[in-house]
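Topology and contacts: notes
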Amino acid sequence: MKYGATEVLRGVDLDIRRGEIFALLGPNGAGKTTTIEILEGFRNRSAGEVNVLGADPERATETWRAKLGIVLQSWRDHPRWGARELLAHLGSFYDDPRDPDELLAALGLTAQAGQRVSRLSGGQRRRLDVALGIVGRPELLFLDEPTTGFDPEARREFHRLVGKLAADDGITILLTTHDLAEAEKLAHRTAILVAGEIAVCGTPAELAAAVRSESHVRWVEDGEERVLRTADPSRAAWELHRRFDGPVPGLEVRRPSLEESYLSLIGRAA
Ligand SMILES: Nc1ncnc2c1ncn2[C@@H]1O[C@H](COP(=O)(O)OP(=O)(O)OP(=O)(O)O)[C@@H](O)[C@H]1O
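Criteria and cut-off values
- Throughout this description, residue numbers start from 1 for each chain and increase along the sequence as written.
- Two thresholds apply to this predicted model, a pLDDT of at least 70 for residue-level local features and 80 or more for giving and counting side-chain atom pairs, whereas whole-chain, interface and lining totals are computed over all residues.
- Side-chain measures were taken over the full set of non-hydrogen atoms in the model, leaving aside hydrogen atoms and water.
- The salt bridge criterion pairs a side-chain nitrogen of Lys or Arg with a carboxyl oxygen of Asp or Glu, the two atoms within 4 Å.
- Under the DSSP-based scheme used, a helix requires at least four consecutive residues in state H or I and a strand at least two consecutive residues in state E, with every element numbered from the N terminus.
- Exposure classes here rest on a 1.4 Å probe applied to the protein chains alone. A residue is buried below 20% of its type maximum, exposed above 50%, and partly exposed in between.
- For two strands to be treated as a pair, DSSP must find no fewer than two bridges joining them.
- Geometry is summarised by axes, namely lines fitted to C-alpha atoms with helices restricted to the contacting stretch, and by angles between N-to-C directions that run from 0 to 180 degrees.
- For this analysis, residues touch if any pair of their heavy atoms sits within 4.5 Å.

1. Section: the pattern of salt bridges
- Across all of its chains, the model carries 24 salt bridges by this definition.
- Its salt-bridge partner being Arg45, residue Asp56 comes within 2.9 Å of it at the nearest N-O pair. Of this pair, Asp56 sits in the loop between helix H1 (32–40) and helix H2 (62–65) while Arg45 sits in the loop between H1 and H2, and the two are 11 residues apart along the sequence.
- We classify Arg45 as buried; its relative accessible area is 17%.
- Through salt bridges that share partners, Arg45, Asp56, Glu58 and Arg59 make up one connected network.

2. So, the sheet that holds strand S9 (residues 215–221)
- Ordered in space as S10-S9-S11, the 3 strands form an open sheet in which the pairing is antiparallel. A single partner strand is all that each edge strand has here, and the edge strands are strand S10 (224–230) and strand S11 (252–254). Taking the axes of each pair of neighbouring strands and ignoring which way they run, one obtains an average angle of 20° across the sheet.
- Note: S9 against S11, 3 bridges, orientation antiparallel. Bridged to His216 within S11 is Arg254.
- Each of S9, S10 and S11 touches helix H9 (residues 233–244); the most contacted strand, S9, lies at about 15° to it.

3. Remarks on unusual backbone geometry
- Residue Leu53 is not a glycine yet carries a positive backbone phi of 50°.
- Along the chain, Leu53 turns up in the loop between H1 and H2.

All quantities given are derived from atomic positions and should not be read as evidence of function.
Next comes the structure, spelled out in structure tokens:
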């Protein structure tokens, strides 16, 4: 995908299954929003093939659009509408909308039903955004950085909600995030996008195995600290033990956390 002469996505090849929660993870500017905008039919691609729910988004019909739920990074419109009023209004465009009151209850927004959108807190606004995204009973839900600005409790609640939407309602969910822990917790599979390319794609376990970088083995020798970077720290420790013919002074083995490994992956490739 190019914006003018600048290529921002290269060789992105994704296959997302029905009923799956799939995360696109990557740093700012990696190309996450561009990717989902292409899939949503909001942006025409400069090259490549795309098929979403059996159709090319660039040539999609209104019937196809009605099967999508879209939650953008920020909606700035409708500040004067009440939460329930906005849900009922948007629902009226669909053949079989969800009941606004049931939706508000499911999202913990019953107390805010009559409140103007402009008076909701950030977390309440985001939950209303999701309610608006699912009012038309979509088959596929796009969530662009859904938990930005959430406190930890709101984030946990939101994760529970997304898990329920996939498990109970069979909705396929594609979300973007900067947060490795969020992708790990929420998604069945994650693709890490770095500078417009998929660096790694897989389940949380596959991600951990692929991303995990080398361990650091430290010890003291001739009064100086030595450091060895290795993928096989137990072998390195064993060899040191043999060389010292006993305990190794100041021996320390440290495996980087997944977060550290992810940061080094995006740092290296960016
Ligand atoms: N309309 C546009 N015209 C030109 N370049 C653009 C346009 N939109 C995005 N870009 C560039 O494309 C690249 C990918 O942007 P994109 O918004 O897809 O990234 P992102 O991963 O969603 O980032 P963020 O996490 O910051 O939202 C960036 O370098 C950005 O500057």
